[in-house]
Amino acid sequence: MMWVLLGIITVIYLTYQTFNSILPNYFLVPPRNWKDKLLKVINYNKPIYLKIGYKRSSYRRRLLLASENPSFYTNYINNKLKINPKDIQNKNKFMEETRRRDVDDPKRRILYGFYHPYANNGGGGERVLWEAVKSTLNADSKNICAIYTSNLDAEPLEILNKVENKFHIKGMDHSRIVFIYLRKFNKLIDSSYWKHFTIIGQLIGQILSSLEACFELSPDVWVDTMGLPGSYFIASIVLKIPIIAYVHYPILQEDMFNKLKYNKLSDIWKLKNVIDLKNYIKFIYWSILYYIYVYLGSYVDLTLANGTWTFNHMKKIWIYNQPLGKHITTLYPPCGTENLVKEETTNKERENKLLYLAQFRPEKRHILILKEYQQFLVNNYPGIAKPTPEIPTLVFAGSCRTKDDTATLEFLQQETQLLKLTNFVEFKVDISYKEVIELLSVCKFGLNAMWNEHFGIGVVEYIARGCIPIVHASAGPYLDIVKNEDDEPKQDWHNSIGFFFKSFADPDFNPSEQLVESNENKFLLFEFNGEILEFPTLEQLLTIIFIKDKELISHARLNKMRHIGKEIVIDKFSNEIFDKQWIGYIKEIDSLEKKYRDERRGKLEKVY
Ligand SMILES: *[C@@H]1O[C@H](CO)[C@@H](O)[C@H](O)[C@H]1NC(C)=O
């Protein structure tokens, strides 16, 4: 018994030592004779690889931090290290630069490691990554960015060209961007590799893959822009460097427990309730995962949530960040609103149309709009067959990417006929970006009917291009986008830039609460932070603004709303504001980096 205990303690101790001091030494401290080795290669009569065994990271760090052109030390072809011929030409200066620098040395360069295995994917997450890289480079000419990627089929220039063409992110100093290609554990990060135990599997994949990343090149600051918490463990325990996490979505949240029979975490101890063993075991498994996620989050020094929805969740999940003085804030992704606002194409009077820009998918709830709109017509214009100028009409514009989308579209077209709305609804399928912009410039209003849409970039586009938003009062559109200048969380059914509605069909509509009797319009009720708020249905809303109280959408008033709306979206969602805020955070992290080196690195700091 005692031997077993002793064995376990030894294993734990050794593991701890490995992570805490052996690995850091390995990753950061070059061998004693490293200068001789460098000189030998530099003075050799033709270009040769450095023979460095397993200390690649420590060498690569020295080389690129000293180099005129750090990007040369990318490992695209293979993992071996050569010295940049330019550095060899200026060998005296170069060797001088390779020396160790003190923490406070004003000339010390700082290496930001962006761990983003799908750096070449061209989605929303990558836009954030590259805008952040650009701002980090602009924040200080001493900053260098390392991008850890698994996109082995794309060479650095190809990736950078895509960034320019797709995201229009220009003017980055390419010489300070180093790509570190990860070759070993890429499959393990991918959810499709794990048929069972996906999340645990992916976490292990992330730990291994971030170990590989640090083995190739250890950075000074860890930036996770993809939401891969397994990597925090290595960055914090081994390298002891600050961590920034840009979170788009929590990988686990308490809502997920609702699907299981035991749904509150505290239920775990109520053993006498265990009737269904399979479900109970599942519940324990999910709880363990959840707490691992909470634990990994405690390593993050700065959490940036991409919107209010994510912020509210992360604040509930990563509770251990706050007492440690680490913080969570919201940083909206760069939406390029400053460019959208500029591209004014027409000056025509806008048409009386309600535009809905959305992919044809059930959760976008086009059908809800059709039905309520039909009610609005029936109640106010009984028997009408064709629109007149004072009657607003609908435009559904969106893409059909899958078979399911096509099915949804066909269903909607059928419904339009059944409801006798063919003269009132236009469908614009898979139109070009130019046509979208044209629509945004000629329609008066922009609709959004999705329930709990986390953000809703389409709504930002409406406002930026002057379409007055008429949107469902939930999540992104309600909490982030259609907001007054004062940014109060609680809002009425209309504000200085748009209008809101709710629906009986909302999953969170509570029939027991009924309608508000006191209100002549009988609005729907909605609980928000413990307060009861009232909202019209879409049909009621249309009736109010188009029939009962037209003053609400008078020409002058809409113009004013447009004007305020544009200013607000520029202030909140432009690339410029993202850059500015990101640079602010980088400055904070910069001082934290110095502090950690002094406090957490100990002896290691002296030699490395
Ligand atoms: C945050 O990321 C999630 C997941 O990609 C996305 O659904 C949401 O729209 C994003 N929020 C913002 C404000 O962009």
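Predicted model only: the values in this text are computed from it and were never measured.

S.K.: I'm lost on the domain arrangement of the chain in this one. Help?
M.R.: Segmenting the chain into domains produces domain 1 (101–333 + 583–607) and domain 2 (337–573). Measuring from the centre of the C-alpha atoms in domain 1 to the corresponding centre in domain 2 gives 36 Å. Between domain 1 and domain 2, the contact holds 7 residues from the first and 8 residues from the second. It is Thr308, Trp309 and Tyr332 that lose the most area in domain 1 upon contact with domain 2, and together they represent 75% of the buried surface on that side. Run the count over domain 1 and domain 2 and you get 0 salt bridges. Our count for the contact surface shared by domain 1 and domain 2 stands at 2 residue pairs in polar contact (both at pLDDT 80 or more). Its residues placed into classes, the side of domain 1 that touches domain 2 shows 4 nonpolar, 3 polar and no charged.

S.K.: So what exactly am I meant to see when it comes to the environment of Val247 here?
M.R.: Structurally, the position occupied by Val247 is in strand S5 (residues 243–247). Under the relative-accessibility criterion, Val247 is labelled buried at 4%. Counting along the chain gives 61 residues from Val247 to Thr308, while the straight-line C-alpha distance between them is 11 Å.

S.K.: Whenever I open this one, the packing of helix H3 (residues 56–66) against helix H9 (residues 198–216) confuses me. Can you help?
M.R.: At a minimum axis separation of 6 Å, H3 and H9 run at an interaxial angle of 50°. Relative to H9, H3 is oriented oblique. For the pair H3 and H9, the contacting residues are Arg56, Ser57 and Arg60 in the first and Cys214, Phe215 and Glu216 in the second. Split into classes, the residues belonging to the contact of H3 with H9 amount to 2 nonpolar, 1 polar and 3 charged.

S.K.: Any chance you could explain the site of the ligand here in plain terms?
M.R.: If you check the shell around the ligand, you find His248, Asn306, Pro333, His454 and Phe455 and nothing else. Interatomic distance of 3.1 Å between a backbone N/O atom of His248 and an oxygen atom of the ligand. Side-chain polar atom of Asn306 to an oxygen atom of the ligand: 2.4 Å apart, as the coordinates give it. Burial of the ligand by the protein amounts to 68% of the accessible area it has alone, namely 360 Å². Among the residues making up the shell around the ligand, the classes are represented as 2 nonpolar, 3 polar and no charged.

S.K.: In this structure, what is going on with the state of the cysteines? I would like to understand it.
M.R.: Simply put, the disulfide is a covalent bond whose two ends are the sulfur atoms of two cysteines. A full pass over the atoms with the stated rule returns 0 disulfides. Cys335 forms no disulfide, and the closest cysteine sulfur to it belongs to Cys467, at a distance of 16 Å. Unpaired in this structure, Cys443 has its nearest cysteine sulfur neighbour in Cys467, at a distance of 5.6 Å.

S.K.: Would you take a moment to explain a negative patch on the surface for this structure?
M.R.: The grouping of Glu485, Asp486, Glu488, Glu567 and Asp571 at the surface amounts to a negative patch. Along the chain, Glu485 turns up in the loop between helix H18 (475–481) and strand S13 (499–501).

S.K.: So what exactly am I meant to see when it comes to the sheet that holds S5 here?
M.R.: Hydrogen bonds along the backbone pair up the strands of a sheet, which may run parallel or antiparallel. Across the sheet, which stays open at both edges, the 7 strands sit in the order S3-S2-S1-S4-S5-S6-S7 with parallel pairing between neighbours. Looking at strand neighbours, the two that pair on one side only are strand S3 (177–181) and strand S7 (327–330), the edges of this open sheet. The average angle at which neighbouring strand axes cross in this sheet is 20°, direction not considered. Looking at chain direction, strand S4 (residues 221–224) and S5 are connected through 3 bridges and run parallel. By the bridge assignment, Trp222 is partnered in S5 with Ile243. Of the strands in this sheet, strand S1 (110–115), strand S2 (143–149), S4, S5, strand S6 (302–305) and S7 are in contact with helix H21 (residues 575–600), which crosses S1 at around 120°.

S.K.: So what exactly am I meant to see when it comes to the sheet that holds strand S8 (residues 351–357) here?
M.R.: Strand order across the open sheet formed by 6 strands is S10-S9-S8-S11-S12-S13, with parallel pairing between neighbours. Of all strands in the sheet, those bounded by a partner on one side alone are strand S10 (425–429) and S13. Recorded for the sheet is a direction-independent mean angle of 25° between the axes of neighbouring strands.

S.K.: I keep staring at the packing of helix H6 (residues 124–139) against helix H7 (residues 156–167) and nothing clicks. Help me out?
M.R.: For any two helices packed against each other, the geometry comes down to the angle between their axes and how far apart the axes lie. At their nearest, the axes of H6 and H7 sit 11 Å apart, and the two run at 105° to each other. In terms of axis orientation, H6 runs roughly perpendicular to H7. Contacts between H6 and H7 involve Glu126, Arg127 and Trp130 from the first element and Ile159, Leu160, Val163 and Phe167 from the second. Here the contact of H6 with H7 is composed, by residue class, of 5 nonpolar, no polar and 2 charged.

S.K.: It is not clear to me how the environment of Gly227 should be interpreted in this structure. Could you clarify?
M.R.: Of note, Gly227 is situated in the loop between S4 and helix H10 (230–239). Judged by relative accessible area, Gly227 falls into the partly exposed class, the value being 23%. Sequence separation between Gly227 and Trp582 is 355 residues, and the spatial gap between their C-alpha atoms is 17 Å. Discounting residues that sit within four places of it in the chain, Gly227 has contacts with Tyr246 and Ile251.

S.K.: Can you help me understand the pairing of S1 in this one?
M.R.: Along any regular strand the residues' side chains alternate between the sheet's two faces. The buried fraction of S1 amounts to 6 of the 6 residues, a majority that puts the element mostly inside the structure. With 6 bridges joining them, S1 and S2 adopt parallel strand pairing. When the sheet's bridge partners are listed, Gly113 is paired in S2 with Ala146. Crossover connection from S1 via H6 to parallel S2: handedness right-handed. Pairing between S1 and S4: 4 bridges, direction parallel. When the sheet's bridge partners are listed, Tyr112 is paired in S4 with Val221.

Conventions and cut-offs
Residues numbered from 1 in each chain as written. Predicted model: local features only at pLDDT ≥ 70, side-chain atom pairs only at ≥ 80, totals over all residues. Heavy atoms only, no water. Domains from an automatic or database assignment. Contact = heavy atoms within 4.5 Å. Buried area = accessible area lost by both parts, 1.4 Å probe. Salt bridge = Lys/Arg side-chain N within 4 Å of Asp/Glu carboxyl O. Polar contact = N/O pair within 3.5 Å; in protein donor to acceptor, adjacent residues only side chain to side chain. Nonpolar A, V, L, I, M, F, W, Y, C, P; charged D, E, K, R; others polar. Helix = DSSP H or I, 4+ residues; strand = E, 2+ residues; numbered from the N terminus. Buried < 20%, exposed > 50% of the residue type's maximum accessible area, 1.4 Å probe, protein only. Axes fitted to C-alpha atoms, helices over the stretch in contact; angles between N-to-C directions. Parallel < 35°, antiparallel > 145°, perpendicular 65-115°, else oblique. Near = heavy atom within 4 Å. Areas by Shrake-Rupley, 256 points an atom, 1.4 Å probe, with all protein chains shown as cover. Disulfide = S-S within 2.5 Å. Patch = residues over 30% accessible without salt bridge, like charges linked within 9 Å, V, L, I, M, F, W, Y side chains within 5 Å. Lys, Arg positive; Asp, Glu negative; His and termini not counted. Charge placed at Lys NZ, Arg CZ, Asp CG, Glu CD. Pairing = 2+ DSSP bridges. Right-handed = clockwise from strand over helix to strand, strands pointing away.

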